[in-house]
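Now for the letters of each chain:
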Amino acid sequence: MSKINLLSPLLADLIAAGEVVERPGSAVKELLENSIDAGAKSVTVEISGGGTALIRVTDDGCGMSPEDAGVAFLRHATSKLADERGLEAIGTLGFRGEALAAISAVSRIELKTREPGADYGTRVTLSAGEIQEMGKCGCPVGTAIAVRDLFFNTPARRKFLRSDRAEGTFCAAAALKSALGRPEVSVRLIHDGKEEFFTPGDALPRSAVYSLLGRDFAARLLEGSFAGDGLEVGGFVSSPRAGRGNRGLQFFFVNGRPIRSPALQTALEQAYKNTLLTGRFPACVLYITLSNAAVDVNVHPAKAEVKFSDERAVTGAVYGAARAALEREAGPVAAPVSAPTVGRGAPGAPAPKQEFFQRMDADQFWQKIIKDPGDRERSSLPLHEPAPVYAPSPIVQIPREKPVSAPEPNPARKPEPVIESPPRLVGEALGTYIIVEVQDSLVLIDKHAAHERVLFDRLRAEKGPHMSQALLGPLTFSPGGAETELLLQNLETLEALGFALEPYGEGAVVLRAVPADTDPSDAVPLLEELLEKLRVGRGADFKEELLYSVACKAAIKAGKSSEMEELMELAKRVLSGEIKYCPHGRPVSVTITKKELDKQFKRIV
């Protein structure tokens, strides 16, 4: 007796529908993509009852003829693909010819559509995939499709749906992604009679981001782009200060199609390395544009996963766009050109060198400030070797006794630009924060975090073993038998970091040298911290994790006063834009404007 049954067409359609229409949100996505492929400039999506009671999508696209309307709900019927060669370069969002058939198989549908120039439209009603009525009707150009009672004939699927509120959220998310990917299309979402969002359709990505994700989110985005070899990436990434607890606001679009890609997520997050706190994730809205032939979208029925012919080039472009945005986030602080401050020289004269740094780009900054008159190379230990003495500007200015007449202008000589007051070091607060006055703002700098970043960057850039310093007296460290063995097994790694240690009896080692700049009192705690990292194992960032610990222990300690030269050196590096975040991703500076202070003191409202 035969055990193989030939499934009925209805049962086959119900099974196939489960691959395409997982939930109401899937139907919203497919119908909205059909409208976009039809050339619509304006689309309205209405849902109620979480999408199971009603999904209506109305557009002003090209519409359908009566002949096309009659076959549109047949499986594998599509206007977007003619033969197998079309699969080599798919340029539309849909192409399989399965969406309408799958949705109609598990719902009741009413379709109204009219082509431009037609005297009347076509109305089609279906139930469980079968056409019930079809005839002429009056309707505007475009298509309106209403899906009711979704999954009415598949109770098993309906039983596993979540609450109406949750399913409505999934529907809104699907509509949002489609709208975000096509800023040139105006999309309106109405949920249970209330408008959820509306995009202007002005083809400006920032407008779509503002409308869909909110003003506060849009304000924290940085714009970045990358182009090369027929590949372009543009869009926005979040500031490291606006890191999030999950990847829920990472949006990637390939030729306008929203996709999921672990490889692109990894590339994005790699760009934030050492600028984002552990456990936080960047947000992004990135648009990838490349040849249709260079991406395969025929991978999954939901079309959310794609394959690239050159994945490395695409991930590199995403990384490059993100890095470009982050590097432009905060450039060097520059003093605008105007009259000098009273007490800082004659009118028209630039501020003296000891008054911190003047308006200049990064290269000029290092040439004029970091290099001394002997033009020595930039120090690898800038905060621990003799440095030029700079005097901080006095907080109280001394007025001139009488005005000084300006010299007569020389027409044969161009007037030199006048530099306004450059940044001024006010001092140190609480043994932790450097205070710098920059025009009409105060910049507070976490000296430990800033110094930690300086040391980390220097350690990471060094080739070969790191510098070490011998201890005046050896230190004994007794972690125990297993831990001591672990240290000795990683002796080569520790020596490369600047340690010199050797066995010393059972379960102990003797420490004779530590990494340069490390205080001897921190040597044993540092070794304990490194021991824990060695115990956890070697991950992809193992080396940098070790350098984090070394830099942290060697950095200036919060709560302890520092030399003025050290404070000024750190302040210059932060204000130049060279240092923005500590190795763990914490910001190293905070800016408080005079306006904010005036509000606190009720000087202004």
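Up top is the structure.
Residues numbered from 1 in each chain as written. Predicted model: local features only at pLDDT ≥ 70, side-chain atom pairs only at ≥ 80, totals over all residues. Heavy atoms only, no water.

A word on helix α9 (residues 262-271). Where α9 is concerned, the buried positions are Leu-264, Ala-267, Leu-268 and Ala-271. One side of α9 carries all its buried residues, which in axial view fall inside an arc of 100°. At its buried positions, α9 is contacted by β10 (231-238), β11 (250-254), β12 (257-259), β13 (284-289) and α10 (311-327). (Buried < 20%, exposed > 50% of the residue type's maximum accessible area, 1.4 Å probe, protein only. Helix = DSSP H or I, 4+ residues; strand = E, 2+ residues; numbered from the N terminus. Arc of directions from axis to C-beta. Contact = heavy atoms within 4.5 Å.)

Our focus in this paragraph is the sheet that holds strand β9 (residues 221-228). In a beta sheet, neighbouring strands pair by backbone hydrogen bonds and run either parallel or antiparallel. Strand order in this open sheet of five strands is β9-β10-β13-β11-β12, and the pairing throughout is mixed. Sheet topology places β9 and β12 at the edges, where each strand pairs with a single neighbour. For this sheet, the mean inter-axis angle between neighbouring strands, taken without regard to orientation, is 20°. By the bridge criterion, six bridges tie β10 to β13 in an arrangement that is antiparallel. Counted as the bridge partner of Val-237 is Cys-284 from β13. Along the sheet, α10 contacts β9, β10, β11 and β13; its crossing angle with β9, the most-contacted strand, is approximately 140°. (Pairing = 2+ DSSP bridges. Axes fitted to C-alpha atoms, helices over the stretch in contact; angles between N-to-C directions.)

Attention now goes to the state of the cysteines. Note on terminology: a disulfide is the covalent bond linking the sulfur atoms of two cysteines. Summed over the entire model, instances satisfying the criterion amount to zero disulfides. Of all cysteine sulfurs in the structure, the one in Cys-139 sits closest to Cys-137, which takes part in no disulfide; the separation is 4.0 Å. Look at Cys-137 and you get buried, because its relative accessible area is 14%. Classification of Cys-139 by relative accessible area gives buried; the value is 15%. (Disulfide = S-S within 2.5 Å.)

The next thing to look at is unusual backbone geometry. Phi is positive for Asn-255, which is not a glycine, with a value near 50°. Checked against the element boundaries, Asn-255 lands in the loop between β11 and β12. You will see that Lys-602, though not glycine, has its phi angle at about 60°, which is positive. Along the polypeptide, Lys-602 turns up in the segment after α18 (594-600).

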